[in-house]
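Working through the structure, step by step
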Amino acid sequence: MEKLMKIDRRIIYIIGVCVVVFTMLYPIGLPVKISDLARQTYAAVENLPDGSLVIISPMYDAGAMGELHPMFTVFFYHAAKRGYKIVVVNTSWVQGPQLVHPIAEEIAKEFGLVYGEDWINLGSKPGGSVFLQAAVTDLWGAALTDYTNRPIASFPIMNRVPKITAEFVNACLVLDCGTPGAPTWLTYVNEPENIPLIVGEIQMSVPENMPYVASGQYKGMIAGSRGCAEYELLVGRPGKAIKAQDTMSSIALLITLFIVLGNIGYLTTKKK
Amino acid sequence: MRKEGPMIVTVLSSLIVVFSAHFHLGKQLGIKDALDGWFLISICIALALGFVNLTAIHWKAIQRKREGWIFSVWLMIVMYGYAVLGLIQSHTGTQFNWIYQNIQAALSSAVFSLVAFFISSAAYRAFRIRTKEATVLMIFAVFVMLGRAPIGDAIWGQWSYWVNKIMAVPNMAGMRGILLGASIGAFATALRIMLGLERAHLGGTGTQ
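It should be emphasised that the depicted structure is a prediction, and the values quoted were computed from it without experimental measurement.

About the thresholds
Residues numbered from 1 in each chain as written. Chains lettered and ligands numbered in written order. Predicted model: local features only at pLDDT ≥ 70, side-chain atom pairs only at ≥ 80, totals over all residues. Heavy atoms only, no water. Helix = DSSP H or I, 4+ residues; strand = E, 2+ residues; numbered from the N terminus. Buried < 20%, exposed > 50% of the residue type's maximum accessible area, 1.4 Å probe, protein only. Contact = heavy atoms within 4.5 Å. Areas by Shrake-Rupley, 256 points an atom, 1.4 Å probe, with all protein chains shown as cover. Lys, Arg positive; Asp, Glu negative; His and termini not counted. Charge placed at Lys NZ, Arg CZ, Asp CG, Glu CD. Core = buried A, V, L, I, M, F, W, Y, C linked by side-chain atoms within 4.5 Å. Domains from an automatic or database assignment.

Attention now moves to the overall build of chain A. Looking only at helices and strands, one finds ten helices and six strands in chain A. On the principal axes, the C-alpha backbone points of chain A span a range of 75 × 35 × 35 Å. Out of the 272 residues in chain A, the part that is buried amounts to 57%. Restricting the contact set of chain A to residue pairs at least 6 apart, pairs at least 24 apart contribute 74%. Of the roughly 11,100 Å² of accessible surface on chain A, 60% is carried by carbon and sulfur atoms. Separation between the mean location of the 22 positive side-chain charges and that of the 23 negative ones in chain A comes to 10 Å.

What follows is the structure, encoded as structure tokens:
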């Protein structure tokens, strides 16, 4: 029984890999129940006025793209489906806009959106909170160029958004995995300018962001991969998050199993 | 003046920012906008400085053939090679972007995904029911973990409902306390820096 307490970590890793690969190759397809939070988040995006302009900010790098890429996909898809104008921009997380650009292009193509007219990628801008404060008073001056280094004044969509205020922007959809992130947007943009903020968080960041949802400062939140799977179902486009759910279930079960085994070993050894 | 100079700059800058952000006259003068511009330029200079610093450290390692110097060579090749490629093609260039999407992104993602395996092993070792508190912690951890995956609802239909309750009530209450404490702490630290009492950013022990 003592052996149960001292299982070699390499055995845990190997079993973990096998479980992940197996469930990816042979998904079980467990049903995903949709939570109230997912419905609230969906409604917050869905109920924006027709012809709205939304900012989608991928505040993350490659490390978090496993969880946040599906969220960007589903937010961009939903906004495109509703016919909103979309501005993609972030600050400090230099990889974000570059990583999401192919996804945005693909969805834009699907809906026949024209770059520079219906959507634009302004890229990543340095400065964090300072950039956000500058963008509130003068987005053109703060951003200067788009993702492809062309002056943003040359794009028709930018005539609609000279600065990030409630007059020009209907909502900000921020996906983050650290600092600066959604709370930074909330502090410098959304609270002062009274613009609805809807966020997507990696599972690890969900607990610390819950108070903002309860206080109504976030109009909605995609809570981790599970939350994204629920949103995918609501928007009618099952994607990578849904596919990941079986893997999440199996790895959660595996961890539980090891915890139980470890405790059986501990309790029996203790009694001796 | 090595310490007094930067301290005077810190105090003056912070007072100007407070004046510009919270007073009507300050907002009209727009001094903060100018300071924000300086800040953005400083970030770019810091990036260039980092580049030079990294080169200096690894160049020395190569010259002195320190342990693992071959990795320094590789770092220099990759850093300068990719920088030159970026300067030629810009970040939207085909090869530059291909390397970025297929090597950089894939490697970063792979490293982060290893966390799942470390957590599996760490949870196995850490969650032992040694005390009452540890038992409660373990029960809630397992309950929330299973409830955040579809398997929870497959076992019991109400599982995710109760997980959401746990997240929305006890978790949120705790997080609110932590957030309030951290915010008050940040405010106090900012005040200490402004008053010149906190000097960690100038080097040395940090407090007076």
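Moving on, we come to the nonpolar core. Residues and elements named next belong to chain A. Residues Phe 72 and Trp 185 are the most contacted members of the largest nonpolar core, which totals 101 residues. No other element matches the ten residues that helix α3 (residues 65-81) contributes to this core. Mapped onto the domain boundaries, this core takes at least three residues apiece from domain 1 (2-27 + 251-271) and domain 2 (36-238). Beyond its immediate chain neighbours, meaning those up to four positions away, Trp 185 contacts Ile 55, Ser 57, Met 59, Val 89, Leu 132, Ile 164, Cys 172, Val 174, Asn 190 and Leu 197.

This part covers helix α5 (residues 129-137) of chain A. Helical geometry: 3.6 residues make up each α-helical turn, so side chains three or four residues apart lie on a common side. When α5(A) is considered as a whole, its buried residues turn out to be A:Val130, A:Phe131, A:Leu132, A:Ala134, A:Ala135 and A:Val136. Next to the buried residues of α5(A) lie β2 (85-91), β3 (119-125), α6 (139-143) and α7 (182-193) of chain A together with α3 (31-63) of chain B.

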